[in-house]
Amino acid sequence: MTEALVSRMRGFGTTIFAEMSQLAARTGSINLGQGFPDTDGPAAMLDRAVQAIGSGANQYPPGPGVPELRQAVSEHRAAHYGLSYDPDGEILVTVGATEAIATSVLALCEPGDEVIAFEPYYDSYAASIALAQARLVAVTMRPEAGRFTFDPAELRAAVTPRTRAILVNSPHNPTGTVFTRDELTSIAELCQEHGLIAITDEVYEHLTFDGVEHIPLATLPGMRERTVAISSAGKTFSVTGWKTGWVCAPPELVTAVQTVKQFTTYTASAPWQLAVAHGLRHELGWVAELRAALQDKRDRLMTGLAAAGFEVFKPAGTYFAQTDIRPLGFTDGFEFARRLPELAGVVAIPTEVFYDHPARGSHFVRFAFCKKEEVIDEAAARLKRLSA
């Protein structure tokens, strides 16, 4: 039989997250690879989902999302960022941020268009762009003064007459970078100069540390009208399994995305949508406590990684710490990640899988710190074997 999978998707197999999680299960290792927490979200929000199920909210919600959640998202963007979005026409609820990204790319990009993304990038970006038969153009982020950043000249050089959009992830997975106002301004200037759409992945918007501020690109002058802003409840409220996200954008962009979305999932998860609306309105105090706890966990893991011999880059946000394995005598992150269960009983993610240019990331490995303190401490103790 000939190859069943369409050619544009043949470079995409099982995700690295599934592969490494299976490796953790098979070897009994601590899984610091896939970024999901091992504790639940706020109890009152979870109860709200149960109440919604019990009260009969179990049929199709409206295609754009339940009105309560769209209104709550609108209130949230206004209160935190001064951005006004009409819940009836400028907000669309999606099945997590992953669907929001995919349907945005499919809705807004023609075959042959180019989409700029910053590498290393979350793996769904490349798949979504391939599905749209567009082309991903990667601009590499490199360590500078202890954090990953990009060269504005390289970003400018990446723009061509075929460029349609720039995909911006901040806080950034997997590097932990939170883009500064100057970095965002360089992106905004290019978007306006060349008439580009910005698609912003802001799922870690509330998980920043050390007082670092998340600045939505849409808040910069001239950017609200050309930005598709995406976020979700999964990371903010530790409910990654709920897959409840949203798009905020001008009406013509939201209409385009919804036109595609109605033929993918159409709609989903009425009880979770109602619960997330409660979360956005009443549980941001819980989120502040989560942020403080994650900062402490970050510091615990960084201390353990440094003691084990890694070079560690301090993340300003997200769930992840990026490390350089060369001080340990390794240069191949894939080989190292596959051997780490045997060497230390821990699983991590080789960062090179998030690059168009794998050689530029072959010596980096990502660890997740969104786990219980005792899990992080045990992982640190195990990793200490590497320094022996």
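The structure this text deals with has already been given above.
Residues numbered from 1 in each chain as written. Predicted model: local features only at pLDDT ≥ 70, side-chain atom pairs only at ≥ 80, totals over all residues. Heavy atoms only, no water.

Peer 1: Break down the nonpolar core for me, with residues and values.
Peer 2: By size, the foremost hydrophobic cluster in this structure holds 62 residues, and its most contacted members are Val-228, Phe-310, Phe-336, Leu-340, Phe-367 and Leu-383. A per-element tally of this core places helix α10 (residues 284-308) first, with six residues. (Core = buried A, V, L, I, M, F, W, Y, C linked by side-chain atoms within 4.5 Å. Buried < 20%, exposed > 50% of the residue type's maximum accessible area, 1.4 Å probe, protein only. Helix = DSSP H or I, 4+ residues; strand = E, 2+ residues; numbered from the N terminus.)

Peer 1: So what's going on with the packing of aromatic side chains? Residues and values would help.
Peer 2: In the structure shown here, the tally under the stated rule is 18 aromatic pairs. Of the aromatic side chains, those joined through ring pairs into one cluster are Phe-17, Tyr-122, Tyr-125 and Phe-354. Lying across the ring of Tyr-85, Arg-224 places its NZ or CZ 4.3 Å from the centre. The ring of Phe-36 has Lys-371 lying over it, and the distance from NZ or CZ to the ring centre is 3.7 Å. (Phe/Tyr/Trp six-rings, centres within 6.5 Å; stacked < 30°, edge-to-face > 60°. Lys NZ or Arg CZ within 6 Å of the ring centre and 35° of its normal.)

Peer 1: Pulling in residues and values, what's your account of the packing of α10 against helix α12 (residues 373-383)?
Peer 2: Relative orientation of the contacting elements α10 and α12 amounts to 10 degrees, with a least axis distance of 8 Å. The angle between α10 and α12 falls in the class roughly parallel. On α12, the residues touching Asp-296, Lys-297, Arg-300, Leu-301, Gly-304, Leu-305 and Ala-308 of α10 are Glu-373, Ile-376, Asp-377, Ala-380 and Leu-383. (Axes fitted to C-alpha atoms, helices over the stretch in contact; angles between N-to-C directions. Parallel < 35°, antiparallel > 145°, perpendicular 65-115°, else oblique. Contact = heavy atoms within 4.5 Å.)

Peer 1: Give a detailed account of the sheet that holds strand β11 (residues 311-313), specifying residues and quantitative values.
Peer 2: Taken together, four strands build an open sheet; the order of strands is β11-β12-β15-β14 and the sheet is antiparallel. Either end of the sheet is taken by a strand with one partner, and the two such strands are β11 and β14 (349-350). (Pairing = 2+ DSSP bridges.)

Peer 1: Let's hear about the sheet that holds strand β7 (residues 163-169): which residues, and what values?
Peer 2: Strand order in the open sheet formed by seven strands is β2-β10-β9-β8-β7-β3-β4, with mixed pairing between adjacent strands. Strands at the two margins of the open sheet, each flanked by one partner only, are β2 (91-94) and β4 (135-140). Here the strands of the sheet are splayed against their neighbours by 20 degrees on average, with no regard to which way each runs. Pairing analysis gives four bridges linking β2 to strand β10 (residues 245-248), with the strands arranged antiparallel. Considered in β10, the bridge of Leu-92 is made with Val-247. Where helix α5 (residues 123-131) meets the sheet, it contacts β3 (114-119), β4, β7 and β8 (197-201), and its direction lies at approximately 150 degrees from that of β4. Against the sheet, helix α7 (residues 181-194) touches β3, β7 and β8, its axis set at about 160 degrees to β7.

Peer 1: Give me the state of the cysteines: which residues, what numbers.
Peer 2: All told, the structure shown has zero disulfides when counted by the stated rule. We note that Cys-191 lacks a disulfide partner, and the nearest cysteine sulfur, in Cys-109, lies 12 Å from it. Looking at Cys-191, the relative accessible area reads 0%, which means it is buried. (Disulfide = S-S within 2.5 Å.)

Peer 1: Before we move on, can you summarise the packing of helix α3 (residues 67-81) against helix α9 (residues 270-282) with the specific residues and values?
Peer 2: The contact between α3 and α9 brings their axes to 8 Å, and the two run at 25 degrees. Classified by the interaxial angle, the pair formed by α3 and α9 is roughly parallel. Every pair of crossing elements has a handedness; the one defined by α3 and α9 is left-handed. Contact residues: Glu-68, Leu-69, Gln-71, Ala-72, Val-73, Glu-75 and His-76 in α3; Gln-273, Leu-274, Val-276, Ala-277, Leu-280 and Arg-281 in α9. Residues that form the contact of α3 with α9 fall into these classes: seven nonpolar, three polar and three charged. (Left-handed = near helix turned anticlockwise from the far one by under 90°. Nonpolar A, V, L, I, M, F, W, Y, C, P; charged D, E, K, R; others polar.)

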